[in-house]
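Observations on the model geometry
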Amino acid sequence: MSYETLLTEKRGRVGLITLNRPKAFNALNSVLIGELAKALETFESDHDIGALVLTGGTQAFAAGADIKEMAQKSYIDCYREDFITRGWERTAQCRKPIVAAVAGYALGGGCEIAMMCDFIIAADNALFGQPELTVGTLPGAGGTQRLARAVGKSLAMDLCLTGRQITAEEALRAGLVSRVVPVGSLIAESLKAAEKIAALSLPIAMMVKESINRAFEVNLSEGIRFERRLFHASFGTRDQKEGMDAFTTKRSPHWTHS
Ligand code: DAK
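From a predicted model like this one, the values you see are computed outputs, not experimental measurements.

**Section: the site of the ligand**
The immediate surroundings of the ligand are formed by 24 residues, with Ala-63, Ala-65, Ile-67, Lys-68 and Gly-109 found nearest. Between Lys-23 and the ligand, the recorded distance is 3.5 Å, taken from a backbone N or O atom to an oxygen atom. Per-element accounting of the shell around the ligand gives the leading share, 3 residues, to helix H2 (residues 67–70). The residue makeup of the shell around the ligand, split by class, is 14 nonpolar, 5 polar and 5 charged.

**Focus: the pairing of strand S3 (residues 51–55)**
Most of S3 sits out of view: 5 of its 5 residues are buried. With burial as the criterion, each face of S3 is covered, one bearing Ala-51, Val-53 and Thr-55 and the other bearing Leu-52 and Leu-54. In the sheet, strand S2 (residues 14–19) pairs with S3 via 5 bridges, with the strands oriented parallel. Each bridged residue has a counterpart across the sheet, and for Leu-16 the counterpart in S3 is Val-53. Crossover S2 to S3 through helix H1 (residues 30–44) is right-handed. Where S3 lies against strand S5 (residues 98–102), 4 bridges are found, and the strand directions are parallel. Bridge pairing in S5 places Val-53 opposite Val-99.

**Section: the sheet that holds strand S8 (residues 127–129)**
Read from one edge to the other, the open sheet built from 4 strands follows the order S4-S6-S8-S9, with strand pairing classed as mixed. Across the chains shown, the open sheet's two edge strands, defined by having one partner strand only, are strand S4 (60–62) and strand S9 (166–167). Relative to S9, S8 runs antiparallel, the two sharing 2 bridges. For Leu-127, the partnering residue across the bridge sits in S9 and is Thr-167.

**Focus: the packing of aromatic side chains**
A full pass over the atoms with the stated rule returns 3 aromatic pairs. Seen in terms of ring centroids, Tyr-75 and Tyr-79 are 5.8 Å apart; in terms of plane orientation they differ by 25 degrees. Their pairing is stacked. Taken together, the residues span about one helical turn, with Tyr-75 and Tyr-79 both in helix H3 (residues 75–81) at a distance of 4 residues. In this structure, Tyr-75 and Tyr-79 share a single accessibility class: exposed. For the ring pair Phe-231 and Phe-235, a centre distance of 5.2 Å and an interplane angle of 70 degrees mean the geometry is edge-to-face. The class of Phe-231 is partly exposed, set by a relative accessible area of 47%. Judged by relative accessible area, Phe-235 falls into the partly exposed class, the value being 36%. Directly above the ring of Phe-226 sits Arg-214, whose terminal nitrogen or CZ lies 5.2 Å from the centroid.

**Describing the environment of Leu-28**
Of note, Leu-28 is situated in the loop between S2 and H1. A C-alpha to C-alpha distance of 25 Å links Leu-28 and Ser-185, two positions 157 residues apart in sequence. The contacts of Leu-28, once residues within four sequence positions are left out, are Leu-19, Ile-33, Ala-62, Gly-64, Ala-65, Asp-66, Trp-88, Gly-109, Gly-110 and Ile-113.

**Examining unusual backbone geometry**
Of note in the backbone geometry, Phe-25 takes a positive phi value of approximately 50 degrees without being a glycine. Looking at the element boundaries, Phe-25 is found in the loop between S2 and H1. Using a relative accessible area of 32% as the deciding quantity, one classes Phe-25 as partly exposed. Even without glycine at this site, Asn-26 takes up a positive phi of about 60 degrees. Topologically, Asn-26 is positioned in the loop between S2 and H1. With a relative accessible area of 3%, Asn-26 lands in the buried category.

Quick notes on the rules
- Residues numbered from 1 in each chain as written.
- Predicted model: local features only at pLDDT ≥ 70, side-chain atom pairs only at ≥ 80, totals over all residues.
- Heavy atoms only, no water.
- Near = heavy atom within 4 Å.
- Polar contact = N/O pair within 3.5 Å; in protein donor to acceptor, adjacent residues only side chain to side chain.
- Helix = DSSP H or I, 4+ residues; strand = E, 2+ residues; numbered from the N terminus.
- Nonpolar A, V, L, I, M, F, W, Y, C, P; charged D, E, K, R; others polar.
- Buried < 20%, exposed > 50% of the residue type's maximum accessible area, 1.4 Å probe, protein only.
- Pairing = 2+ DSSP bridges.
- Right-handed = clockwise from strand over helix to strand, strands pointing away.
- Phe/Tyr/Trp six-rings, centres within 6.5 Å; stacked < 30°, edge-to-face > 60°.
- Lys NZ or Arg CZ within 6 Å of the ring centre and 35° of its normal.
- Contact = heavy atoms within 4.5 Å.

Below is the structure:
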């Protein structure tokens, strides 16, 4: 499939999606968001894909929602069209594991899309921020919510209220990203991480993802109960039998993703 604002390719069992509006620092316009939703759906329904990587360019992962596209909208336009709501949450709804590989600017909606992924690998030149207040609005795709959960109240308030950007190292210290790598090896390292996931049992990896995400929705005892149910459910899969038999008989497992 070819897209106007994205590049997609399959690397073994990994689906790689690259945001591709370099002249606009990958500003997220409605075409891009629609195409991103389509690309995610395509990889989700492809049984040969076990994990995804979402990336941008070396200068910008994405510098936010397209300010030029939204500047003239009225309240009633936004409300009636449910402005840019459609498509935006699609990344968060992806059931397969998805790694954000972030280089350069991840601002506003760019930071929000990265946070919708399961974890973020940052290049050493990455800059994260929620500068919406500096253009007269506020984060609208989960920036005040996911950022606060990821880094805590104080830093979330600091970023959203001052609009300042933090470096990859600061993002690592704050727990926003899981690792920092040299910009030149970002794609290779992110693909390596995704390949590692995709080489394991897909249904069990999906259960792990679902269970961790549940931690952000419910209290601890409900979360533990949810985890326990999925743990029990894993014993209904062929892959659990295979994984434990392979360990016991000292051989490599052959996952059937079933
Ligand atoms: N929108 C449109 N164009 C953008 C852009 C953006 N967010 N960011 C950069 N560009 C364009 C610039 O206009 C410029 O285009 P030309 O003038 O060459 O045509 C080109 O990219 C290069 O940018 P600069 O010339 O500004 O380059 P600099 O190196 O000087 O600065 C910068 C790079 C990233 C620091 C700067 O461009 C910048 O501050 N950009 C804006 C960052 C920002 O404020 N982002 C937050 C936008 S608000 C929602 C979902 C999401 C959102 C809201 C609701 N729902 C689901 C309801 C999200 C809102 C936002 O993200």
